[in-house]
Amino acid sequence: MALRSIKAGSTAITEAGVLQFITDLLKISGVFDITGTQFQVTAGTGLSVNIAIGRAYLLVTGGNGYPVINDAQISNLAVNSNNSGNPRYTSMVLYKNLGATPNADDTNTNFVIAVDGTPAASPTAPSNATIQSAVGAGNPFIVLANVLINSGAGTPTSITDV
């Protein structure tokens, strides 16, 4: 048995070895909200939203926990228009694509996407199954907010932090 840690310059530590510390601490995926505004979703210009800077952790069921850092606001992420005649919820979802090969700083495997629910007189947010289908099987995700879009609206009607 060997005692191990993480330090710059160590080259024999695997991804699983590095992530084990995070995985041991996580019970669920979530935003590490030290300021009250981490990954906060606000109305953007027109039919879009902004996503604030922040830190989050995405836990794979039975697998590793992955840290995600957003160090620059995501501005004007488009939300699909709704001309159905009924209101609709769209969930803003943070996820990690585990099947993608990361670039040098792993800025190409984490995404925020808008997942539309079904318009209805009394709409509900998209189900976890609908979201999992949108982000890909086995990819960890969290819902950041649910955005209500009334039929014909040019801006989000309301945003509910999740």
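Residues numbered from 1 in each chain as written. Predicted model: local features only at pLDDT ≥ 70, side-chain atom pairs only at ≥ 80, totals over all residues. Heavy atoms only, no water.

I'd like a description of the sheet that holds strand β4 (residues 54–59), backed by residues and values.
Reading across the sheet, the 3 strands line up as β1-β4-β5 and stay open at both edges, with antiparallel pairing between neighbours. The strands lining the two open edges of the sheet, one partner per strand, are β1 (30–31) and β5 (65–70). One ladder, built from 6 bridges, connects β4 with β5; its direction is antiparallel. When the sheet's bridge partners are listed, Arg55 is paired in β5 with Ile69. (Pairing = 2+ DSSP bridges. Helix = DSSP H or I, 4+ residues; strand = E, 2+ residues; numbered from the N terminus.)

Lay out the sheet that holds strand β8 (residues 110–116) with the relevant residues and their values.
Ordered by their spatial adjacency, 4 strands build an open sheet running β8-β7-β9-β10, and the pairing between neighbours is antiparallel. In this open sheet, the two edge strands, each paired with only one partner strand, are β8 and β10 (158–161). Strand-to-strand twist in this sheet, taken as the mean axis angle between neighbours without regard to direction, amounts to 20 degrees. Alignment of strand β9 (residues 141–149) against β10, held across 4 bridges, turns out to be antiparallel. Paired with Leu148 across the bridge in β10 is Ser158. (Axes fitted to C-alpha atoms, helices over the stretch in contact; angles between N-to-C directions.)

Account for the pattern of salt bridges, with residues named and values stated.
With the rule as written, the count across this model stands at 2 salt bridges. With a shortest N-O distance of 3.5 Å, Asp116 and Arg88 are connected by a salt bridge. On the criterion of sequence distance, the pair formed by Asp116 in strand β8 and Arg88 in strand β7 (residues 88–96) is long-range, its members being 28 residues apart. Assessed through its relative accessible area of 4%, Arg88 is described here as buried. The closest approach of N and O atoms between Asp106 and Lys96, which form a salt bridge, is 3.0 Å. Highlighted residues: Asp106 in the loop between β7 and β8 and Lys96 in strand β7, separated in sequence by 10 residues. With relative accessibility at 6%, the residue Lys96 sits in the buried group. (Salt bridge = Lys/Arg side-chain N within 4 Å of Asp/Glu carboxyl O. Buried < 20%, exposed > 50% of the residue type's maximum accessible area, 1.4 Å probe, protein only.)

Any details on unusual backbone geometry? Residues and values, ideally.
Of note, the phi angle at Phe39 is positive, near 55 degrees, even though the residue is not glycine. One can find Phe39 in the loop between β1 and β2 (41–43). Phi angles above zero are rare outside glycine, and Asp106 is one such case at about 55 degrees.

Mind laying out the packing of aromatic side chains, listing which residues take part and the relevant values?
Applying the stated criterion to the full structure yields 2 aromatic pairs. Ring geometry for Phe32 and Tyr57: centres 6.4 Å apart, planes at 75 degrees, overall edge-to-face. Here Phe32 is found in the loop between β1 and β2, whereas its partner Tyr57 is found in strand β4, with 25 residues between them in sequence. Judged by its relative accessible area of 42%, Phe32 falls in the partly exposed class. Since its relative accessible area comes to 24%, Tyr57 is described here as partly exposed. (Phe/Tyr/Trp six-rings, centres within 6.5 Å; stacked < 30°, edge-to-face > 60°.)

Scope: geometric values only; no functional claims are made or implied.
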